[in-house]
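Structure assessment
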Amino acid sequence: MIKIGAGGRMSEPNSPSPSPSPVQRVPHTKPPFTVGELKKAIPPHCFHRSVLRSFSYVVYDLSLVFLFYYITTYFSLLPSSLTVLAWPLYWTLQGCTLTGVWVIAHECGHHAFSDYQWLDDAVGFVLHSSLLVPYFSWKISHRRHHSNTGSLDRDEVFVPKPKSKLSCFSKYLNNPLGRVLTLTVTLTLGWPMYLAFNVSGRPYDRFACHYNPYGPIYSARERLQIYISDAGIFTAGYVLYRLALAKGMAWVVCVYGIPLLIVNAFLVLITYLQHTHPTLPHYDSSEWDWLRGALATVDRDYGVLNKVFHNITDTHVAHHLFSTMPHYNAMEATRAIKPILGEYYQFDDTPFYKAMWREARECLYVEPDEGGSEKGVFWYKNKF
């Protein structure tokens, strides 16, 4: 284990002694192992998808969701001084629990929930629509992210820019106040801006939007799924509208809206930290291949939230290698492949709030190393 950045650690099973460099980069050369060899190292039962076990997590999470809501019905009995504390506690607990629900729907999109595609899509559609996520629309673009991870030309989300393509005001945001502003906007508006306007996504030759069946993200045969996704969002929006009429807008905001903002913030933060790290390479088309791209990600430690988020945070490397594996087997699979991955496996136990600040400071753009022989391998930099 060696120190990196602001107190984080990343595993280096094959390194006998610490490197003098403060950051030990992930190897960018062709790995000495294959996906097949990694799969053979994983116990076969880890790939088994159990309908009953998968549904048990849905039931558990939704039970907590309804329990937390039920508790709010007694908030009116509390003194005003306690109510001020009770609502933020509810927002935090509900937002974290609903993030777990979001993760289960994400797993449905990967066909990791059960052996039945129709069941996965039915469960994922209902859960994601209830969180205002266009299930099929995002499932399609997310699948392309998994097919092109680490590619500067074809990846779908959090695609870093070279220095030459940064906006003219980027250097003026490279300070503590600018980072606070950037992170605030990213965590509050990043997810809806990505869905609606493809912000931080792969550049297309025309306007791209997850709600547009005729947009460049989707093919003609995928259009019906986009219409269905839009119908799910419309239905959820209509239910919220009727609730606002019946209960009042303040009730909807307090019970649903603020927890949803927390879900969206965690979703963006988790994805950002999984694919943004000073040690991770990105590749242009001259260097990229699927396996090296899939390995250009990092597992993180969110403490107790690892379990709340169904280990999407600390088993992301295994997830990118075997995305149809159910989350409840991912920890065992990670332990099985770590000895083979060696220095290609990255884990950073920096607290996520510290890591967020560090990455926002150090990972501003990507460029090949000056004088380096690999012009197609790009690394994060921050010097203007």
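Up top you'll find the structure we're talking about.
Quick summary incoming for the structure in this document. Bear in mind that the values here come from a model prediction, so they are computed numbers and not experimental data.

Moving on, we get to the nonpolar core. If you look at the biggest cluster of nonpolar residues, it comprises 53 residues, and the most contacted ones within it are Trp102, Trp191, Phe266 and Phe309. Ranked by residue count, the leading element in this core is helix 8 (residues 249–275), at 13 residues. In terms of nonpolar packing, the next biggest core, distinct from the first, is built from 18 residues, Leu291, Met325, Leu341 and Tyr345 among them.

This next bit is on the pattern of salt bridges. Two side chains of opposite charge can pair, provided their charged atoms sit close to one another. What the rule picks out here adds up to 14 salt bridges. Via salt bridges that share partners, Arg300, Asp348, Arg358 and Glu359 belong to a single interconnected network.

With that settled, consider the sheet that holds strand 6 (residues 365–367). Consider a sheet: its strands pair through backbone hydrogen bonds, and that pairing is either parallel or antiparallel. Reading across the sheet, the 3 strands line up as 3-7-6 and stay open at both edges, with antiparallel pairing between neighbours. Each end of this open sheet is capped by a strand with a single partner; those strands are strand 3 (281–283) and strand 6. Averaged over all neighbouring strand pairs, the angle between strand axes comes to 40°, with direction disregarded.

Burial analysis of strand 7 (residues 377–381) places 4 of its 5 residues in the buried class, the great majority of the element. Where strand 6 meets strand 7, 3 bridges bridge the pair, whose relative direction is antiparallel. Of the residues in strand 7, the one forming a bridge with Tyr365 is Lys381.

Another aspect to go through is empty space enclosed by the protein. Taken as a whole and assessed by the stated rule, the structure comprises 2 cavities of 30 Å³ or more. Approximately 140 Å³ is the volume attributed to the largest cavity. Together, 16 residues line the largest cavity, and Glu107, Thr315, His319, Met325 and His327 are the ones closest to its centre. At the level of secondary structure, the elements contributing two or more residues to the lining of the largest cavity comprise helix 3 (80–109) and helix 11 (316–321). When grouped by side-chain class, the residues that make up the lining of the largest cavity number 7 nonpolar, 8 polar and 1 charged. Volume-wise, the second largest cavity comes out at about 40 Å³. Looking at the second largest cavity, the residues that line it are His145, Thr149, Gly150, Asp155, Val157, Phe158, His275, His282 and Ala296. Each residue belonging to the lining of the second largest cavity can be placed in one class, and the counts come to 3 nonpolar, 5 polar and 1 charged.

Here is what the cut-offs are and how they apply
Residues numbered from 1 in each chain as written. Predicted model: local features only at pLDDT ≥ 70, side-chain atom pairs only at ≥ 80, totals over all residues. Heavy atoms only, no water. Core = buried A, V, L, I, M, F, W, Y, C linked by side-chain atoms within 4.5 Å. Buried < 20%, exposed > 50% of the residue type's maximum accessible area, 1.4 Å probe, protein only. Helix = DSSP H or I, 4+ residues; strand = E, 2+ residues; numbered from the N terminus. Salt bridge = Lys/Arg side-chain N within 4 Å of Asp/Glu carboxyl O. Pairing = 2+ DSSP bridges. Axes fitted to C-alpha atoms, helices over the stretch in contact; angles between N-to-C directions. 1 Å grid on protein atoms, 1.4 Å probe; cavity = no way out; pocket = protein on both sides within 12 Å on 5 of 7 lines; lining within 4 Å. Points joined across faces, edges and corners; volume = space filled by probe spheres on them. Nonpolar A, V, L, I, M, F, W, Y, C, P; charged D, E, K, R; others polar.

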